[in-house]
Amino acid sequence: MITVRPAARFDTGSMAQLLNEIIKIGGTTAIARPVTGGDLAEWMASSPDRSAWHVALDESEQVVGFQWIESSSKLPPEAAEIATFVQVGQTGLGIGSALFNATAQAAKTLGYVWIRANIRADNDGGLTYY
């Protein structure tokens, strides 16, 4: 069973580890360098009034995915950019859908009307998901 809650500072180490595994494999994210928990904490804090971050947890409370939305200077104020990362080997199990349910509600609360996903053309999983 997957549970979703807002991400917290104490989640950033696990989030970075999950994302770094995806970056190491390559091909599904535009992020090219490894990240740290500190990097993610800074990203989370960069626009607290216009972003929402959520983590998906498995039965043992381990982070198996995370998603965020935030404003972008490339978009109008009523639109948000989205990013989603799911633990390698755990895609297709409903983690992304569970995350999006929470993110969609947060988007409404933040006043966003639509969400844009910027996906690499070679990211088949991301293209299917979004």
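We now turn to the structure provided with this report. In this text, all values refer to a predicted model and were calculated from it rather than measured experimentally. (Residues numbered from 1 in each chain as written. Predicted model: local features only at pLDDT ≥ 70, side-chain atom pairs only at ≥ 80, totals over all residues. Heavy atoms only, no water.)

## Details of the overall build of the protein chain
Point 1. On a plain count of helices and strands, the protein chain comes out with four helices and five strands.
Point 2. Reading the secondary structure of the protein chain in the N-to-C direction produces β-α-α-β-β-β-α-β-α.
Point 3. Computed over the C-alpha atoms, the radius of gyration of the protein chain is 14 Å, within 12% of the 14 Å expected from 2.2 N^0.38 for a compact globule of 130 residues.
Point 4. Along the first, second and third principal axes, the C-alpha atoms of the protein chain reach 35 × 30 × 30 Å.
Point 5. Burial status across the protein chain gives 38% buried among its 130 residues.
Point 6. Sequence-distant contacts, at least 24 apart, represent 61% of the contacts inside the protein chain between residues at least 6 apart. (Helix = DSSP H or I, 4+ residues; strand = E, 2+ residues; numbered from the N terminus. Rg over C-alpha atoms; globule rule 2.2 N^0.38 Å. Buried < 20%, exposed > 50% of the residue type's maximum accessible area, 1.4 Å probe, protein only. Contact = heavy atoms within 4.5 Å.)

## Digging into the environment of Thr 12
Point 1. Topologically, Thr 12 is positioned in helix H1 (residues 12–25).
Point 2. Considering only alpha carbons, one finds Thr 12 and Asp 39, 27 residues apart in sequence, at a separation of 8.4 Å.
Point 3. Those residues in contact with Thr 12, other than ones at most four positions away along the chain, are Gly 37, Leu 40, Ala 41 and Met 44.
Point 4. A polar side-chain atom of Thr 12 sits 2.8 Å from the main-chain carbonyl oxygen of Arg 9. (Polar contact = N/O pair within 3.5 Å; in protein donor to acceptor, adjacent residues only side chain to side chain.)

## As for the packing of aromatic side chains
Point 1. What the rule picks out here adds up to five aromatic pairs.
Point 2. With a centroid separation of 5.9 Å and an interplanar angle of 35°, the aromatic rings of Trp 68 and Phe 85 are classed as tilted. Of this pair, Trp 68 sits in strand E3 (residues 63–70) while Phe 85 sits in strand E4 (residues 79–86); the two residues are 17 residues apart in sequence, bridging distant segments of the chain. The exposure classification of Trp 68 matches that of Phe 85, with both residues buried.
Point 3. The structure contains a cluster of three or more aromatic residues connected by ring pairs, namely Trp 43, Trp 53, Phe 66, Trp 68 and Phe 85. (Phe/Tyr/Trp six-rings, centres within 6.5 Å; stacked < 30°, edge-to-face > 60°.)

## A short note on the nonpolar core
Grouped burial of nonpolar side chains is what soluble globular proteins tend to show.
Point 1. Met 15, Trp 53, Val 55, Phe 66 and Phe 85 are the most contacted members of the largest nonpolar core, which has 18 residues in total.
Point 2. Of all the elements in the fold, those that place two or more residues in this core are H1, helix H2 (37–46), strand E2 (51–57), E3 and E4.
Point 3. Ranked by residue count, the leading element in this core is H1, at six residues.
Point 4. Apart from the residues lying within four places of it in its own chain, the contact partners of Trp 53 are Arg 5, Pro 6, Ala 7, Met 15, Leu 40, Trp 43, Met 44, Phe 66, Gln 67 and Trp 68.
Point 5. Counting seven residues, the second largest nonpolar core, distinct from the first, contains Ile 69, Ala 80, Ile 82 and Ala 107. (Core = buried A, V, L, I, M, F, W, Y, C linked by side-chain atoms within 4.5 Å.)

## Quick notes on the pattern of salt bridges
Point 1. This structure, assessed with the given rule, holds three salt bridges.
Point 2. Across the pair Asp 11 and Arg 5 runs a salt bridge, and its minimum N-O distance is 2.7 Å.
Point 3. A residue is classified by how much of its surface remains accessible, and Arg 5, at 24% relative accessible area, is partly exposed.
Point 4. When the shortest N-O distance is used, the salt bridge between Arg 116 and Glu 81 registers 2.7 Å. Residue Arg 116 is found in strand E5 (residues 114–117), and its partner Glu 81 is found in strand E4; the two are separated by 35 residues along the sequence.
Point 5. Under the relative-accessibility criterion, Arg 116 is labelled partly exposed at 27%. (Salt bridge = Lys/Arg side-chain N within 4 Å of Asp/Glu carboxyl O.)

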